[in-house]
Amino acid sequence: MLKNYKFWLVGAIFLAFCAGAISVVTVRSFSATEKALAAATDITPALPESMGNLNQVDVARGNFYADTIRSTADLIGVIPKGFIPAGTVLRKSMFQPIENAGMSGKLAMIGIDRVALAIPNDLYTSVAGNLDEGDKVDVYLRPKGSMPTLALEDVPILQGATTVIPGQGEQPSQGIVLAVPSGELNKVLQGMQGEQSMLLIL
């Protein structure tokens, strides 16, 4: 009987030791930290430059997701899907490729303060149908009966004379979309009023 008692006592001590070791390993795995990136300020799709305001923070391994962003290299070619509050640890699921973000993604690729402006697609604004996305043009305003005057230079084209429609292939676009500097927008809008016309020079 005494012999069995000692056996169970040794067994109990061994199991207690194993449980303690497992607990220590578990606690260490959760309490240990890894580096990650967090938003230093609010991040919004409308302000791509806000993605540059990041902090490196320590995140407990127990709270570390598989898609947690560790490096700015993970942010190349992507923009936020929506609003990200300051202090949020960044995850890849919060972002999407720029090409999936439509017109706002195209504006983000330019990376400066611009707005998208659509103008009619005609002979003079489409360079006779040859204007493509990615081209840069000079914008001239032409009052009726007068010579055209230069309004803007080197304006990127976000949508050209044609567009690809799923199932239908390439079709004429409804309008030409310009990436106009926000500070110059009124100049172009005023030029579109009255009997003035617009001319794009590639």
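Preceding this section is the structure that the text describes.
Note that the structure is a prediction, hence the values are computed from the model and not measured.

Asker: Is there a simple way to explain the side chain of Thr68 in this structure?
Answerer: Within the secondary structure, Thr68 sits in the loop between strand E2 (54-60) and strand E3 (78-80). Judged by its relative accessible area of 5%, Thr68 falls in the buried class. Those residues within four positions of Thr68 in sequence are excluded, and the remaining contacts are Ala36, Val89, Leu90 and Arg91.

Asker: How should the nonpolar core be read in this particular structure?
Answerer: Note on soluble globular proteins: their nonpolar side chains tend to be buried together. Among the nonpolar cores identified, the biggest contains 17 residues, and Ile119, Val137, Val139, Ile176, Leu178, Met198 and Leu200 are the most heavily contacted of them. Only strand E5 (114-120), strand E6 (136-142), strand E7 (149-159), strand E10 (175-181) and strand E11 (197-201) provide two or more residues apiece to this core. For this core, the element with the most residues is E7, which contributes 4 residues.

Asker: How should I be thinking about the sheet that holds E7 in this particular structure?
Answerer: Pairing between the strands of a sheet comes from backbone hydrogen bonds, and it takes one of two forms, parallel or antiparallel. Pairing is antiparallel in the open sheet, where 5 strands are placed in the order E5-E10-E7-E6-E11. Each of the sheet's edge strands pairs with one partner strand only, and the pair in question is E5 and E11. Strand after strand, the sheet turns through a mean of 45° between neighbouring axes, direction not considered. Where E6 meets E7, 5 bridges bridge the pair, whose relative direction is antiparallel. If you follow Tyr140 over to E7, its bridge partner there is Leu150. Of the strands in this sheet, E5, E7 and E10 touch helix H2 (residues 102-110), which is tilted by about 120° from E7.

Asker: Looking at this structure, how should I read H2?
Answerer: Every α-helix carries 3.6 residues per turn, so stepping three or four residues along brings you back to the same face. Three or more residues of H2 are buried, namely Gly105, Leu107 and Ala108. Down the axis of H2, the buried set is contained in an arc of 160°. They therefore lie on one face.

Asker: Could you clarify how one ought to interpret the pattern of salt bridges in this entry?
Answerer: A side chain of one charge can pair with a side chain of the opposite charge if their charged atoms are brought near each other. Following the criterion strictly, the structure yields 6 salt bridges and no others. In this structure, Arg70 and Glu34 form a salt bridge, with 2.7 Å as the shortest nitrogen-oxygen distance. Linking Arg70 in the loop between E2 and E3 with Glu34 in strand E1 (residues 33-39), this pair joins segments that are 36 residues apart in sequence. Under the relative-accessibility criterion, Arg70 is labelled partly exposed at 44%. For the salt bridge of Glu133 with Lys106, the shortest nitrogen-to-oxygen distance reads 3.1 Å. Of this pair, Glu133 sits in the loop between E5 and E6 while Lys106 sits in helix H2, and the two are 27 residues apart along the sequence. Under the relative-accessibility criterion, Lys106 is labelled partly exposed at 26%.

Conventions we followed
Counting restarts for each chain: residues are numbered from 1 in the order of the written sequence. Residues qualify for local features only when their pLDDT is at least 70, as the model is predicted, and side-chain atom pairs are given and counted only at 80 or more; totals for whole chains, interfaces and linings, by contrast, use all residues. For side-chain calculations, the full set of non-hydrogen atoms in the structure is used, while hydrogens and water are omitted. By the criteria applied, helices consist of DSSP H or I runs no shorter than four residues and strands consist of E runs no shorter than two, each listed in order from the N terminus. Residue exposure (1.4 Å probe, protein chains only): buried if accessible area is under 20% of the type maximum, exposed if over 50%, otherwise partly exposed. Working rule for contacts: check all heavy atoms of both residues, and any pair within 4.5 Å makes them a contact. Side-chain atoms within 4.5 Å are what join buried Ala, Val, Leu, Ile, Met, Phe, Trp, Tyr and Cys residues into a set we call a nonpolar core. One bridge is not enough; two strands pair if DSSP finds at least two bridges between them. To obtain each axis, a line is fitted to C-alpha atoms, and for helices this fit is confined to the stretch in contact; angles are then taken between N-to-C directions over 0 to 180 degrees. By definition, the arc is the one covered by directions from the helix axis to the C-beta atoms. Take a side-chain nitrogen of Lys or Arg and a carboxyl oxygen of Asp or Glu: if they are within 4 Å of each other, that pair is a salt bridge.

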